[in-house]
Amino acid sequence: MKKALITGATGQDGSYLTEFLLSKGYQVHGIIRRASTFNTGRIDHIYVDPHSKKAKLFLHYGDIADAEQINNIIFNIKPDEVYHLAAQSHVRVSFDIPEYTGNITALGTTRILEAIRRSGRKIKFYQASSSEMFGSALPPQSETTQFQPQSPYACAKLYSYWLTKNYRDGYNMFACNGILFNHESPRRGETFVSRKITRAVASILAGKQDKLYLGNLNAKRDWGFAPEYTEIMWRILQQDKPDDYVTGTGESHSVKELVEEAFSYVGLKWKKYVSIDPRYFRPTEVNNLIADIKKAKKVLKWHPKVNFNDLVKIMVDADVRAFGLKAIGEGDKILEKKFPNRWWKVD
Ligand code: NAP
Ligand code: F7E
């Protein structure tokens, strides 16, 4: 049985990846942070008491700022594959806490890579790199596009990207970058724009909110569906040689289009509810990201199934249900039709 270690197992991607690897027969180890409130909501449905013989998921307290514990975990578990997803992942917040973002999102990767190197074991490593690294580079962006990062978050991710390449070249490690464009789902954190919008639509329908404050409506992103992206992380580590790959849908849409699509899906007029609050503007914005997915299509057989309109419907349906209302259901039908053998729990 293969063993995987996931940092950031409680996050959006970590939760889907955990489910995916369990479905592939892996023993999965996740690093979680100690918090005064529960932070395992996204993985509670797959957790089995570790005393049970059926248990294949094991959680370990740790923080990516704590090199000693990272070393201990890697030394004790001896994983075959490490998926490094833990990060301070919010771009706007990275302008408020740039030093912390550097410590976690950049230096955290050093701690993991060093622990792997010092273990002396052949451990494959996946780094969660980001389309934000392209920043103001003109779209479409591919593996060869020059990076022009526009935030402390993007700078920190770029450090990790280069470090991953450096350990691959310098120490002959199987270390790979997945340069993933935005991917969303019903499990997306509530302060990222897609979820903020779909949750607000549901909350407005439920009569619990009457205004939605947003920042820049003109920014464009290449938005895909998170479960498909976590599957590709695994595929990147199953190649014969370590390499870096861009993954997205190849289409971009503005925040305004996302707003229009989400509100109109449930029959609401968005202009009545949406206002602009400059608090959500960023000192430097990334205007347009579109993935050039030629390499991933060819090598990884990457063919994303969920398009922008599907994604919005899937997310609005889930949020409407979470508010105790009856969902329109087109999103559910899309999931049933496109993923008859899905390995994740539908939220
Ligand atoms: P997310 O939902 O914000 O999850 C981040 C995870 O990292 C959470 O499990 C969080 O723990 C954990 N974490 C944060 N700081 C930590 C620390 N100091 N020590 C240990 N764990 C820590 O992010 P995501 O959307 O799943 O993204 C996963 C990774 O891919 C991130 O590295 C992100 O930057 C990158 N990425 C994301 C996208 C995207 O569109 N989603 C695209 C490209 C790259 P808590 O649950 O306790 O907060
Ligand atoms: O913003 C605009 C905002 O915060 C998207 C992370 O997963 O993807 C994510 O980063 C766009 C930006 O995602 C609001 O200015 C308008 O242009 O949802 P977001 P992000 O910054 O693209 C990348 C690939 C990652 O790697 C990151 O980890 O939406 N926007 N109004 C807003 N954004 C937010 N959050 N809130 C607003 O009210």
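## Quick notes on the nonpolar core
- In this structure, Leu21, Tyr83, Tyr126, Ile197 and Phe263 are the most contacted members of the largest nonpolar core, which totals 79 residues.
- Mapped onto the domain boundaries, this core takes at least three residues apiece from domain 1 (3–183 + 224–247) and domain 2 (189–221 + 253–284 + 308–338).
- Among all residues touching Tyr83, those that are not within four sequence positions of it are Ala4, Leu5, Ile6, Thr7, Leu17, Leu21, Tyr126, Met233, Trp234, Leu237 and Gln238.
- Ranked by size, the runner-up nonpolar core spans 20 residues in total, among them Val82, Ile112, Ile123 and Leu163.

## Things to note about the pairing of strand E6 (residues 175–180)
- Summarising burial for E6: six of the six residues are buried, a large majority.
- In this sheet, E6 lies alongside strand E5 (residues 124–130) in parallel orientation, the contact comprising six bridges. Each residue of the ladder has a partner; that of Ser129, found in E6, is Ile179.
- Between the parallel elements E5 and E6, the chain passes through helix H5 (residues 152–171) in a crossover that is right-handed.
- Here E6 pairs with strand E11 (residues 244–247) via four bridges, running parallel. Across the sheet, Asn177 pairs through a bridge with Asp244, a residue of E11.

## Some words on the site of ligand 2
- Around ligand 2, the structure places 23 residues, and the nearest of them are Ser89, Ser130, Tyr153, Arg282 and Glu285.
- Bound to the protein, ligand 2 loses 95% of the 700 Å² it would expose on its own.
- Mapped by element, the contributors of at least two residues to the shell around ligand 2 are helix H6 (193–205) and strand E8 (212–214).
- Split by residue class, the shell around ligand 2 holds nine nonpolar, eight polar and six charged.
- Of the domains in this structure, domain 1 (3–183 + 224–247) and domain 2 (189–221 + 253–284 + 308–338) are the two that each give at least three residues to the shell around ligand 2.

## Re the domain arrangement of the protein
- Domain boundaries assigned for the protein yield domain 1 (3–183 + 224–247) and domain 2 (189–221 + 253–284 + 308–338).
- Look at where the C-alpha atoms of domain 1 and domain 2 centre, and you get two points 27 Å apart.
- Between domain 1 and domain 2, the residue contacts involve 11 residues of the former and 13 residues of the latter.
- Buried area between domain 1 and domain 2, summed over both chains or domains, comes out near 1,000 Å², and the portion from carbon and sulfur atoms is 58%.
- Run the count over domain 1 and domain 2 and you get one salt bridge.

## Points about the site of ligand 1
- By nearness alone, 25 residues border ligand 1, and Thr10, Arg33, Ser89, Tyr153 and Lys157 come closest of all.
- The separation between an oxygen atom of ligand 1 and a polar main-chain atom of Gly8 is 3.3 Å.
- Ala87 is positioned with one of its backbone polar atoms (N or O) 3.3 Å from an oxygen atom of ligand 1.
- Within the complex, the protein chains bury 89% of what would otherwise be the 900 Å² of accessible surface of ligand 1.
- When residues of the shell around ligand 1 are traced back to their parent elements, those giving at least two are helix H1 (12–23), helix H4 (98–119), E5 and H5.
- By residue number, the principal contributor to the shell around ligand 1 is E5, which donates three residues.
- Of the residues contributing to the shell around ligand 1, the split by class is 10 nonpolar, 10 polar and five charged.

Criteria and cut-off values
- Residues numbered from 1 in each chain as written.
- Chains lettered and ligands numbered in written order.
- Predicted model: local features only at pLDDT ≥ 70, side-chain atom pairs only at ≥ 80, totals over all residues.
- Heavy atoms only, no water.
- Core = buried A, V, L, I, M, F, W, Y, C linked by side-chain atoms within 4.5 Å.
- Buried < 20%, exposed > 50% of the residue type's maximum accessible area, 1.4 Å probe, protein only.
- Domains from an automatic or database assignment.
- Contact = heavy atoms within 4.5 Å.
- Helix = DSSP H or I, 4+ residues; strand = E, 2+ residues; numbered from the N terminus.
- Pairing = 2+ DSSP bridges.
- Right-handed = clockwise from strand over helix to strand, strands pointing away.
- Near = heavy atom within 4 Å.
- Areas by Shrake-Rupley, 256 points an atom, 1.4 Å probe, with all protein chains shown as cover.
- Nonpolar A, V, L, I, M, F, W, Y, C, P; charged D, E, K, R; others polar.
- Buried area = accessible area lost by both parts, 1.4 Å probe.
- Salt bridge = Lys/Arg side-chain N within 4 Å of Asp/Glu carboxyl O.
- Polar contact = N/O pair within 3.5 Å; in protein donor to acceptor, adjacent residues only side chain to side chain.

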